[in-house]
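Fold and contact review
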Amino acid sequence: MFPIKNRAGLLLMGLLMMFTLGVMYTWSLFRVPILEQYAWSEGQLSVTFSIVTACFALGGLTGGKLGERFSSPVCVRIAAVLCLTGYVGASLLPADAQRALLLFYLFYGICTGLGIGIGYNGVIGSITASFSGNSGTVAGILLAAYGFSSMIVGQMIQEALSCAIPINGIFRCMGICLFLILMAGSFFLDTPHRTQSDSEKSIGSFTPKEMMCTPTFWMLLLWNIAMSSASLLILNCSADVAQFFGGTAAMGMILSVSNGICRSFIGNFFDRLGYKVVIPFISLAQVLAGATLLPGALQHSLAWIICGLLLCGIAYGGGITTNAAATRQLYGSQYYSTNFAIISLGVLPASMVNALLSGLLHPNASAGYEGLFLGVFCLAAFAQGIALILLFIRKN
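Residues numbered from 1 in each chain as written. Predicted model: local features only at pLDDT ≥ 70, side-chain atom pairs only at ≥ 80, totals over all residues. Heavy atoms only, no water.

**Digging into the overall build of the chain**
The number of helices and strands found in the chain is 17 helices and zero strands. Here the chain holds 396 residues, and 54% of them are scored as buried. The long-range share in the chain, meaning contacts at least 24 apart out of those at least 6 apart in sequence, stands at 83%. Here the chain has roughly 16,200 Å² of accessible surface; of this, 69% comes from carbon and sulfur atoms. (Helix = DSSP H or I, 4+ residues; strand = E, 2+ residues; numbered from the N terminus. Buried < 20%, exposed > 50% of the residue type's maximum accessible area, 1.4 Å probe, protein only. Contact = heavy atoms within 4.5 Å. Areas by Shrake-Rupley, 256 points an atom, 1.4 Å probe, with all protein chains shown as cover.)

Here it is as structure tokens:
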């Protein structure tokens, strides 16, 4: 290995790797070309992103466990191989539609989801460890690159599709690029030192078992599930939504961009004001997203739709950041990694809710989006109610 001792160089390498991993959120650009190429339904295809999201969460947990036995560079190399396998495998599907669907779930859904999750965990963990005094800011910068990827790479993918480049060729190119950048970058990463300072061994820290015995844990988990479910309903088809209302597919990527950019700001907001202010604020952003998207659909207004997508991205990115910060504030630092991984697994039931509601509320491409947007609003209102209950429990 050749660890970069210059912290600016290390951060730039991390930005490149996180930018590459952000291609996960370009999924909605592929929906229409895939449906044209294979005889699959909208509901069957929606399951793919649910699998990717669930495997991304499992990949993060797996990456944390692998990091306890292996170095961060090794974890990133495992991620590189999985991403290559996933994208190249998805480009080599058989002609039989049913068999092709199952293999697509395996390669694009499971392999790429796990690969991106493991790589995400390895890169963030390794690089933020080198910026102990500014780890929150650095994590926010890395996550912004992760969010920007979908806008920039998404535009490139859209151009390639407009030039009649086969989707299979695009998948192969993405797999090879991910493999080369992650594999090369892994040789410049260093393994973080896993030492625990005396200040982190706080009396107020909860073990995972103790945490799961508290009512606040179940409220925070339920809030996470509701917020993630609402965001995934739109994240799964943001490009299609923008095009349906007269915009371009790249406009739909504003959700992923706002998701990435807001994370560092929400983290700073949380540090200054705490979960009692931030959790209701994030829930309100999701409520406003639904309340903006629904009239936008009824009036067929692209401006309202773009504003709704922007708010949805803020709520999604803010929710992820808030989960990380609230876990530490509520349950302490000593068992933080395991506790946060457990709370983050709320994305698994959220992905199942997404798959179910996507098929029910938007069964095909010709259907309008009013039902889907109403679903976002109802889930957001439920999350806001849970946030208020959480605050009441903590107060008493």
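**Considerations on helix α17 (residues 370-395)**
The terminal C-alpha atoms of α17, which comprises 26 residues, lie 38 Å apart, in line with the 38 Å expected from a rise of 1.5 Å per residue. Among the residues of α17, Leu372, Phe373, Gly375, Val376, Leu379, Ala380, Ala383, Gln384, Ile386, Ala387 and Leu390 are the ones counted as buried. In this structure, the buried residues of α17 make contact with α9 (215-235), α10 (238-244), α13 (275-299), α14 (302-331) and α16 (347-361). (Expected span 1.5 Å × (residues − 1).)

**Topic: empty space enclosed by the protein**
The gaps left among the atoms become clear once a water-sized probe is rolled over them. Within this structure, the stated rule accounts for two cavities of 30 Å³ or more. One number sums up the size of the second largest cavity: a volume of about 30 Å³. Among the elements that line the lining of the second largest cavity, the one with the most residues is helix α7 (residues 167-186), at three residues. (1 Å grid on protein atoms, 1.4 Å probe; cavity = no way out; pocket = protein on both sides within 12 Å on 5 of 7 lines; lining within 4 Å. Points joined across faces, edges and corners; volume = space filled by probe spheres on them.)

**Quick word on the confidence of the model for the chain**
Across the chain, the average pLDDT comes to 83, with 89% of residues at or above 70. Overall, residues 193-203 carries pLDDT values under 50, and its contacts beyond four positions in sequence, including any with other chains, amount to 13 contacts. (pLDDT = per-residue confidence, 0-100.)

**Details of the packing of α9 against α13**
Remark: α9 packs on α13, axes separated minimally by 11 Å, with the N-to-C direction vectors making an angle of 30 degrees. Comparing their axes, α13 and α9 come out roughly parallel. In the crossing of α9 with α13, the sense of the turn from one axis to the other is left-handed. Contacts from Leu220, Trp223, Met227, Ala230, Ser231 and Ile234 in α9 reach Ile279, Ile282, Ser283, Gln286 and Leu293 in α13. Among the residues forming the contact of α9 with α13, the class breakdown is eight nonpolar, three polar and no charged. (Axes fitted to C-alpha atoms, helices over the stretch in contact; angles between N-to-C directions. Parallel < 35°, antiparallel > 145°, perpendicular 65-115°, else oblique. Left-handed = near helix turned anticlockwise from the far one by under 90°. Nonpolar A, V, L, I, M, F, W, Y, C, P; charged D, E, K, R; others polar.)

**Focus on the layout of surface pockets**
Each pocket or cavity is described by its volume, and for the second largest pocket that value is around 330 Å³. As for the second largest pocket, its lining consists of 16 residues, of which Val153, Met156, Cys173, Met174 and Cys177 are closest to the centre. Listing elements by their share of the lining of the second largest pocket, those giving two or more residues are α1 (7-21), α6 (135-162) and α7. Looking at the lining of the second largest pocket, the element that brings in the most residues is α7, giving six residues.

**Looking at the nonpolar core**
Formed by 109 residues in total, the largest nonpolar core has its most connected members in Ile34, Phe104 and Phe171. When residues in this core are grouped by element, the largest group, 13 residues, is from α9. When residues no more than four places from it in sequence are discounted, the contact partners of Phe171 are Phe30, Ile34, Tyr87, Ala90, Ser91, Phe104 and Tyr108. (Core = buried A, V, L, I, M, F, W, Y, C linked by side-chain atoms within 4.5 Å.)

**A short note on the environment of Gly252**
With respect to the helices and strands, the residue Gly252 is situated in helix α11 (residues 249-252). For Gly252, a relative accessible area of 0% translates into the label buried. On a C-alpha basis, the gap between Gly252 and Ser28 in space is 8.6 Å, while along the polypeptide they are 224 residues apart. Excluding anything up to four places from it in sequence, Gly252 contacts Ser238, Ala239, Ala242 and Leu309.

**Description of the environment of Ile225**
On the secondary structure map, Ile225 appears in helix α9. Here Ile225 falls in the buried class, since its relative accessible area comes to 17%.

**With respect to unusual backbone geometry**
Most of the time, phi is negative for any residue but glycine, and the peptide bond is trans. The backbone of Ala164 sits at a positive phi, close to 65 degrees, despite the residue not being glycine. As for its position among the elements, Ala164 is in the loop between α6 and α7. Under the relative-accessibility criterion, Ala164 is labelled exposed at 63%. Unusually for a residue other than glycine, His300 sits at a positive phi of about 50 degrees. Topologically, His300 is positioned in the loop between α13 and α14. Taking relative accessible area as the criterion, His300 reaches 45% and is therefore assigned partly exposed.

**Description of the packing of aromatic side chains**
Scanning the model with the defined rule gives 20 aromatic pairs in all. With a centroid separation of 6.2 Å and 40 degrees between ring planes, the pair formed by Trp27 and Phe104 is classed as tilted. In this pair, Trp27 is assigned in the loop between α1 and α2 (31-37) and Phe104 in helix α5 (residues 97-128), connecting sequence segments 77 residues apart. For the pair Trp27 and Phe104, one class covers both residues: buried. (Phe/Tyr/Trp six-rings, centres within 6.5 Å; stacked < 30°, edge-to-face > 60°.)

**Comments concerning the packing of helix α4 (residues 72-90) against α5**
A pair of packed helices is characterised by two quantities: the angle between their axes and the separation of those axes. Closest axis-to-axis distance for the α4/α5 pair is 7 Å, and the angle between their directions is 155 degrees. With respect to each other, α4 and α5 are oriented roughly antiparallel. At the point where α4 passes α5, the crossing takes the left-handed sense. Here the contact of α4 with α5 is built from residues that sort into 16 nonpolar, nine polar and no charged.

**Observations regarding the side chain of Asn323**
Along the polypeptide, Asn323 turns up in helix α14. With a relative accessible area of 4%, Asn323 lands in the buried category. A polar contact is formed between the side chain of Asn323 and the side chain of Asn224, at a distance of 2.9 Å. (Polar contact = N/O pair within 3.5 Å; in protein donor to acceptor, adjacent residues only side chain to side chain.)

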